[in-house]
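# A look at the structure
So the chains spell out like this:
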Amino acid sequence: MRKGKVFKIHSDFYYVDSNAAIFECKLKEVLKKQKQNVLVGDNVFFEKIKQTNNQGVIYQVVDRKNELTRPKVANINQAMLVIAFKEPNLSHMQINRFLCFFEYNKIKPLICFNKADLCNENEIEKNVNIYKNIGYETIVTSIQTDEGFCELKNKLINKTTVLSGVSGVGKSSIVNKLNSQLILKTNKVSEKNERGTHTTRHLQMYNLNFENSHESFIIDTPGFSYLSFDFIMPNELDSLFIEFNQYNKMCKFNNCTHTNEQCCNIINNVGDNIEVSRYESYLSFLNEAKKYKEKVTYSGNKVELNYKTNQQKTYVKISDKKRIDSRRLQKQKIKNKIEEE
């Protein structure tokens, strides 16, 4: 039995890297029955099934230290959010959306501001400082001038990093720059709608092959333009804005939503200690979270448990089929009793 890391998934084939050898693997039938999901970045145990070809069967998935649902990756050290200053234009709402998603999943983010050659120094500093001042790790890069790439390598060495960001910001170009042996497909941003086109079609992990490092991996992901807050309740949202934490405890009301309440310490600090664009993003995401709460509350999609509790004792419920059979039997007994009488 061998151990390896899943670096690509295509259809129902799992491509596993084991000591620089690539194996095309299938999932063992028992794992399929258990509905075991395998993600890019998973460490797995597999067995080679053919001596001539590098084909195998995955027998076990090693417990993950973390995972993301979008993109679907596992065992990562950090998420690098790639943002373009222009082409496509920078959106603070989009940045804040990704950052909240990473905070929710407890994944350390690194914000990479790319295409610095298209901006002046004042504009770069203004946008970067919004996130640098509240504690996020930031870096400024340019494919054209090589700016920031030495520093970027130091931040990626001996780590598994997942790339994220909308299409057209330069994720694949950055990977090509970090490892000249990789030639990932890239496209220009559309002049008509100023949006990028999808060049990366699937998740794939690449070894950056840095000098003196064999464990520096980066996962290129397809760009996506929207993350909806359909997974969190409104009262949990403020915890995802890290600069709110030092102010929200001083609000007058414990259940303060930081919207229109009196004596709200968050509102009082907007513009001075809290960036206006961050607060506007909070209000927008709050509306999404409220819609999600309303959907959950009134949808009536109650999950039936297979056990019940009575007087601090837990009993296993019988299945629906057996319950129906039991009721039929009771009705038959009553009917027989009536006929006998």
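Our structure is the block above this text.
Notes on the structure follow. The model shown is predicted, which means the values in this text are computed figures rather than measured ones.

This part takes up the overall build of the protein. Looking only at helices and strands, one finds nine helices and 15 strands in the protein. Taken over 341 residues, the protein has a buried fraction of 42%. Once local pairs closer than 6 in sequence are excluded, the contacts in the protein between residues at least 24 apart make up 64%. Here the protein displays about 20,800 Å² of accessible surface, and carbon together with sulfur accounts for 46% of that area.

Roughly 350 Å³ of volume is contained in the second largest pocket. Taken together, 18 residues make up the lining of the second largest pocket; nearest its centre are Asp17, Ala20, Asn207, His214 and Phe217. Of all the secondary-structure elements, those providing two or more residues to the lining of the second largest pocket are strand E1 (2–10), strand E2 (13–18) and strand E12 (204–207). Here the element with the most residues in the lining of the second largest pocket is E1; it accounts for four residues.

In a regular helix each residue adds 1.5 Å, so 13 residues correspond to 18 Å; helix H2 (residues 92–104) covers 18 Å between its end C-alpha atoms and thus fits that length. Judged by how many residues are buried, H2 sits mostly within the fold: 10 of 13 residues are covered. On its buried face, H2 sits against strand E6 (67–69), strand E8 (78–84), strand E9 (109–114), helix H3 (121–132), strand E11 (160–164) and helix H8 (276–298).

Glancing now at the nonpolar core. The biggest cluster of nonpolar side chains holds 33 residues, and the ones touching the most others in it are Leu68, Phe85, Ile95, Phe113, Tyr131 and Ile219. For this core, the secondary-structure elements that each account for two or more residues are E8, H2, E9, H3 and strand E13 (217–220). For this core, the element with the most residues is H2, which contributes five residues. Once residues within four sequence positions are removed from consideration, phenylalanine 113 is found in contact with Ile83, Phe85, Leu90, Ile95, Asn127, Val128, Tyr131, Thr138, Ile139, Val140 and Thr141. Judged by nonpolar contacts, the second largest core, of 20 residues, contains Leu152, Val169, Tyr206 and Phe210.

Counting through the fold element by element, lysine 159 comes out in the loop between helix H4 (149–156) and E11. As a C-alpha pair, lysine 159 and asparagine 77 span 82 residues in sequence and 5.8 Å in three-dimensional space. Discounting chain neighbours no more than four positions away, the residues touching lysine 159 are Asn77, Gln78, Lys108, Glu215, Ser216 and Phe217.

A few words now on the packing of aromatic side chains. Per the stated rule, a full pass over the model turns up 15 aromatic pairs. Taken together, a centroid distance of 5.1 Å and an interplanar angle of 20° make the contact between phenylalanine 241 and phenylalanine 244 stacked. Just as phenylalanine 241 is buried, phenylalanine 244 falls in that class too. Taken together, the ring pairs in this structure connect Phe98, Phe101, Phe102, Tyr104, Phe229, Phe231, Phe241, Phe244, Tyr279, Tyr282 and Phe285 into an aromatic cluster. Taking the ring centre of tyrosine 15 as reference, the NZ or CZ of lysine 8 above it sits at 4.8 Å. Stacked on the ring of phenylalanine 13, the Lys or Arg lysine 26 has its end atom at 4.5 Å from the ring centre.

Conventions and cut-offs
Residues numbered from 1 in each chain as written. Predicted model: local features only at pLDDT ≥ 70, side-chain atom pairs only at ≥ 80, totals over all residues. Heavy atoms only, no water. Helix = DSSP H or I, 4+ residues; strand = E, 2+ residues; numbered from the N terminus. Buried < 20%, exposed > 50% of the residue type's maximum accessible area, 1.4 Å probe, protein only. Contact = heavy atoms within 4.5 Å. Areas by Shrake-Rupley, 256 points an atom, 1.4 Å probe, with all protein chains shown as cover. 1 Å grid on protein atoms, 1.4 Å probe; cavity = no way out; pocket = protein on both sides within 12 Å on 5 of 7 lines; lining within 4 Å. Points joined across faces, edges and corners; volume = space filled by probe spheres on them. Expected span 1.5 Å × (residues − 1). Core = buried A, V, L, I, M, F, W, Y, C linked by side-chain atoms within 4.5 Å. Phe/Tyr/Trp six-rings, centres within 6.5 Å; stacked < 30°, edge-to-face > 60°. Lys NZ or Arg CZ within 6 Å of the ring centre and 35° of its normal.

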